[in-house]
Amino acid sequence: KKETGQLLTRLVKLGLLKSGAHLGDVLNIKFEDVLNRRLQTVLYKKGLARTVKQARQFVVHGHVMIDGKMMDVPSYLINIDEQNKINFSPGSAISNAEHPERAELKRDAAKTPEEKAILDEKKAKRERRKSFNPRDKKQRRPMKGYGVKR
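Now for a look at the structure at hand. (Residues numbered from 1 in each chain as written. Predicted model: local features only at pLDDT ≥ 70, side-chain atom pairs only at ≥ 80, totals over all residues. Heavy atoms only, no water.)

This paragraph deals with the overall build of the protein. Counting secondary structure elements, the protein contains 6 helices and 3 strands. For the protein, the N- to C-terminal ordering of α and β elements is α-α-α-α-β-β-β-α-α. Sorting the 150 residues of the protein into buried and exposed places 24% on the buried side. Sequence separation of 24 or more characterises 43% of the internal contacts of the protein that already satisfy a separation of 6 or more. For the protein, the exposed surface amounts to about 11,800 Å²; the carbon and sulfur share of it is 53%. (Helix = DSSP H or I, 4+ residues; strand = E, 2+ residues; numbered from the N terminus. Buried < 20%, exposed > 50% of the residue type's maximum accessible area, 1.4 Å probe, protein only. Contact = heavy atoms within 4.5 Å. Areas by Shrake-Rupley, 256 points an atom, 1.4 Å probe, with all protein chains shown as cover.)

Written as structure tokens, this is what we have:
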């Protein structure tokens, strides 16, 4: 009974269960729920990094602090209390608002509808390029210079 209480308390602190949960609710926790509590994922979801990989790099390079303590473990599971205390360390170059990576994050958030439409069009074009299969005869284009009579 003691271990059950400790387990449920720990999972509630991690944000994996709601308070008042029972032991049977532990079986409903998904793998993705645990992954979403990792430091690198929380950094990405808070908008402090453009990608999860970039968030991992920020953490490993020592740019991230939690409640005044430097954290360099990307797999660290964030408690509910710590979630709002995540920021860049003051000595880090990224803590400067004019840093290129930080400025890019702000620029991404401040796009006009026209710029967003252009970016969406470019993204769709990239996706079409990814889906191209050169072995598919219907998608092949004739090579330049071949089939042209001189």
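Picking up where we left off.
Taking 1.5 Å of rise per residue, 13 residues should cover 18 Å, and helix H1 (residues 2–14) covers 19 Å from first to last C-alpha, within 8% of that figure. For H1, the set of buried residues is Leu8, Leu11 and Leu14. Down the axis of H1, the sector holding all buried residues measures 125°, keeping them to one side. In H1, the exposed positions angled more than 90 degrees off the buried face are occupied by Lys2 and Lys13. Phi for Gly15, located one or two positions after H1, is positive at around 85°. (Expected span 1.5 Å × (residues − 1). Arc of directions from axis to C-beta.)

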